[in-house]
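What follows is each chain in one-letter form.
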Amino acid sequence: MKLKRIILLLLTVMFSFSYGEVFAKDGNSLKKALKNKFLIGVSVNTRQSSGKDVAAVEVVKKNFNSIVAENCMKSSVIHPKENKYNFTQADEFVSFGESNQMAIIGHCLIWHSQLAPWFCVDKNGNNVSPEVLKKRMKDHITTIVKRYKGRIKGWDVVNEAIEDNGAYRKTKFYEILGEEYIPLAFQYAHEADPNAELYYNDYSMAQPGRREAVVKMVNDLKRRGIRIDAVGMQGHIGMDYPKISEFEKSMLAFAGTGVKIMITELDLTVIPSPNPNVGAEVSASFEYKKEMNPYPDGLPEEVSKAWTERMNDFFRLFLKHHNLITRVTLWGVADQNSWRNDWPMRGRTDYPLLFDRNYQPKPVVDLIIKEAEKNKISF
Ligand code: 9MR
């Protein structure tokens, strides 16, 4: 009996290793390996969704089954003036996803940043009244969501509304409408496409203050019967932040409210941060310093190894909780596409993504594939 169990165990281990290797060499891809775990997505820029960046398009098609618009659906791009929408790039993005049978994610309906300048103010630059802002939000959300009704799987409805300490971010939306702008945005989105999934998305989600505030916000929405399907944890992480245990705590806390978890904007920076407290605050900006750009010509072996291990650790965490997670999305295709090269300091060379500057998969891709395949085999 005991011998039979040992043989079975040995066979399982041998099989899972060789299976993983064969698969990886055979050109297995992230999306095949993760098929029964969660969607594996990537943000695409307009050169990619228009097909111009041919090499990146190949990587996207082979490895990812979901896409999100990196910039083309932000209000300043898609709705630059009150009576002017600019749908060209967003239309192209949605068609790209459809022609490749991908789950298409809209990003983002209400965000204080990259906000169209007209949105919250009148002609003299003064804040509009609550009634006017509600109407503008409703028009904006309804027009965009209806245009892509039935084609977009889910929307980041509100982006980055909470601060590290759990306070509401003092945006124009908040100034004019208070906390209520959030439920209103979800309500308008739901009315425009009742079948679309709706998400709240934010960065530095492992911060205890933000964690608590987001849990409270989701619970309030649910108590009021307002649809919210998932919390998006952006995942702009570094080599020493956040602690994986704190990230996991937040995953479990959000899942505890009854919504799903999505890792929406994953990238792992390896270059020094001029100020570790800026999270992913887009407005942060520091003057270029050569010593802050230590790896312009490639990563030293030991740094690359440490990066691989940490990225792999995060994927192991995601695989451990795959029943809570519906999607993991990388914020960019290959390293040269990443916003990290220019934020919060312009002109640096970072290595935050799964594919290198030659569009080749990094060693971690194989490790993720093996880990996913290992979990798949059970006797
Ligand atoms: O990657 C995006 C970059 O190209 C834009 O310049 C920037 C401002 O619109 O936004 C970046 O994406 C952000 C995302 O929309 C929301 N979370 C933080 C991301 C990184 O700043």
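Conventions adopted
- Residues numbered from 1 in each chain as written.
- Predicted model: local features only at pLDDT ≥ 70, side-chain atom pairs only at ≥ 80, totals over all residues.
- Heavy atoms only, no water.
- Helix = DSSP H or I, 4+ residues; strand = E, 2+ residues; numbered from the N terminus.
- Rg over C-alpha atoms; globule rule 2.2 N^0.38 Å.
- Buried < 20%, exposed > 50% of the residue type's maximum accessible area, 1.4 Å probe, protein only.
- Contact = heavy atoms within 4.5 Å.
- Areas by Shrake-Rupley, 256 points an atom, 1.4 Å probe, with all protein chains shown as cover.
- Lys, Arg positive; Asp, Glu negative; His and termini not counted.
- Charge placed at Lys NZ, Arg CZ, Asp CG, Glu CD.
- Axes fitted to C-alpha atoms, helices over the stretch in contact; angles between N-to-C directions.
- Left-handed = near helix turned anticlockwise from the far one by under 90°.
- Nonpolar A, V, L, I, M, F, W, Y, C, P; charged D, E, K, R; others polar.
- Near = heavy atom within 4 Å.
- Polar contact = N/O pair within 3.5 Å; in protein donor to acceptor, adjacent residues only side chain to side chain.
- Core = buried A, V, L, I, M, F, W, Y, C linked by side-chain atoms within 4.5 Å.
- Phe/Tyr/Trp six-rings, centres within 6.5 Å; stacked < 30°, edge-to-face > 60°.
- Lys NZ or Arg CZ within 6 Å of the ring centre and 35° of its normal.
- Expected span 1.5 Å × (residues − 1).
- Pairing = 2+ DSSP bridges.

Remarks on the overall build of the protein
On a plain count of helices and strands, the protein comes out with 13 helices and nine strands. For 379 residues, the compact-globule formula gives about 21 Å, and the C-alpha radius of gyration of the protein, at 21 Å, lands near that figure. Principal axes of the C-alpha set define a box for the protein whose edges measure 80 × 50 × 40 Å. Taking all 379 residues of the protein together, 53% fall into the buried category. Sequence separation of 24 or more characterises 78% of the internal contacts of the protein that already satisfy a separation of 6 or more. Put simply, the protein shows about 17200 Å² of open surface, and 52% of that area lies on carbon and sulfur atoms. Averaged over its 53 positive side-chain charges, the protein has a centre that lies 5 Å from the centre of its 46 negative ones.

A look at the packing of helix α7 (residues 130-147) against helix α9 (residues 181-192)
One can describe the packing of α7 onto α9 by two numbers: an axis separation of 9 Å at closest approach and a directional angle of 35°. Of the two possible hands of crossing, α7 and α9 adopt the one that is right-handed. For the pair α7 and α9, contact is made by Lys-134, Met-137, Lys-138, Ile-141, Thr-142, Val-145 and Lys-146 and by Tyr-181, Leu-184, Ala-185, Tyr-188, Ala-189, Glu-191 and Ala-192, respectively. Of the residues belonging to the contact of α7 with α9, the class tally is nine nonpolar, one polar and four charged.

A look at the site of the ligand
Every one of the 14 residues lining the ligand counts as a neighbour, but Glu-70, Lys-74, His-107, Glu-160 and Glu-265 are closest to it. In the environment of the ligand, a nitrogen atom lies 3.2 Å from a nitrogen or oxygen atom belonging to the side chain of Gln-234. Taken by itself the ligand offers 460 Å² of open surface, and the protein chains cover 85% of this. Along the lines of polarity and charge, the residues of the shell around the ligand split into four nonpolar, six polar and four charged.

Digging into unusual backbone geometry
Cis rather than trans, the peptide bond between His-107 and Cys-108 has omega equal to -5°. Its place among the elements puts Cys-108 in strand β3 (residues 103-110). A cis geometry characterises the amide bond from Tyr-241 onward to Pro-242, with omega recorded as -10°. As for its placement among the helices and strands, Pro-242 is situated in the loop between β7 (236-237) and α11 (244-255). Of note, Gln-114 is a non-glycine position whose phi angle comes to about 50°, a positive value. Checked against the element boundaries, Gln-114 lands in the loop between β3 and α7. For Gln-114, a relative accessible area of 33% gives the class partly exposed.

Focus on the nonpolar core
By size, the foremost hydrophobic cluster in this structure holds 107 residues, and its most contacted members are Met-73, Met-137, Trp-155, Phe-318 and Leu-354. Counting residues in each nonpolar core, the second largest holds twelve residues, with Ala-230, Val-278, Trp-331 and Trp-343 among its members.

Notes on the side chain of Ser-338
Looking at the element boundaries, Ser-338 is found in the loop between β9 (325-330) and α13 (363-376). Here Arg-340 takes part through its backbone nitrogen, which lies 2.9 Å from a polar atom of the side chain of Ser-338. Excluding anything up to four places from it in sequence, Ser-338 contacts Asp-267, Pro-352 and Leu-353.

Observations regarding the packing of aromatic side chains
Enumeration over the complete set of coordinates arrives at twelve aromatic pairs. Between the aromatic rings of Tyr-85 and Phe-87, the centroid separation amounts to 5.3 Å while the plane-to-plane angle is 5°, which identifies the pairing as stacked. With a relative accessible area of 13%, Phe-87 lands in the buried category. When the centroid spacing of 5.5 Å and the interplanar angle of 25° are considered together, the rings of Phe-173 and Tyr-181 count as stacked. Side by side, Phe-173 and Tyr-181 carry an identical accessibility label, which is buried. Taken together through their ring pairs, the aromatic side chains of Trp-118, Phe-119, Phe-173 and Tyr-181 make up a single cluster. The lysine or arginine in question, Arg-147, covers the ring of Phe-87, its NZ or CZ lying 4.0 Å from the ring centre. Just above the ring of Trp-307 sits the side chain of Lys-362; from NZ or CZ to the centre is 4.3 Å.

Here we look at helix α10 (residues 208-223)
Each α-helix turn comprises 3.6 residues. Residues three or four places apart therefore point the same way. With 16 residues, α10 should reach 22 Å at 1.5 Å per residue; the first-to-last C-alpha distance of 22 Å fits that figure. For α10, every residue scored as buried is listed here: Arg-210, Arg-211, Ala-213, Val-214, Val-215, Met-217, Val-218 and Leu-221. For α10, the elements touching its buried residues are α9, β5 (197-202), β6 (230-233) and α11. Positive backbone phi, at 75°, marks Gly-225, one or two positions downstream of α10.

A few points about the pairing of β3
With eight of eight residues buried, β3 lies mostly within the body of the structure. The pairing of strand β2 (residues 66-69) with β3 spans three bridges and is classified as parallel. In the sheet register, Val-68 faces β3, and the bridge partner there is Ile-105. Here four bridges tie β3 to strand β4 (residues 154-159), and the two strands are oriented parallel to one another.

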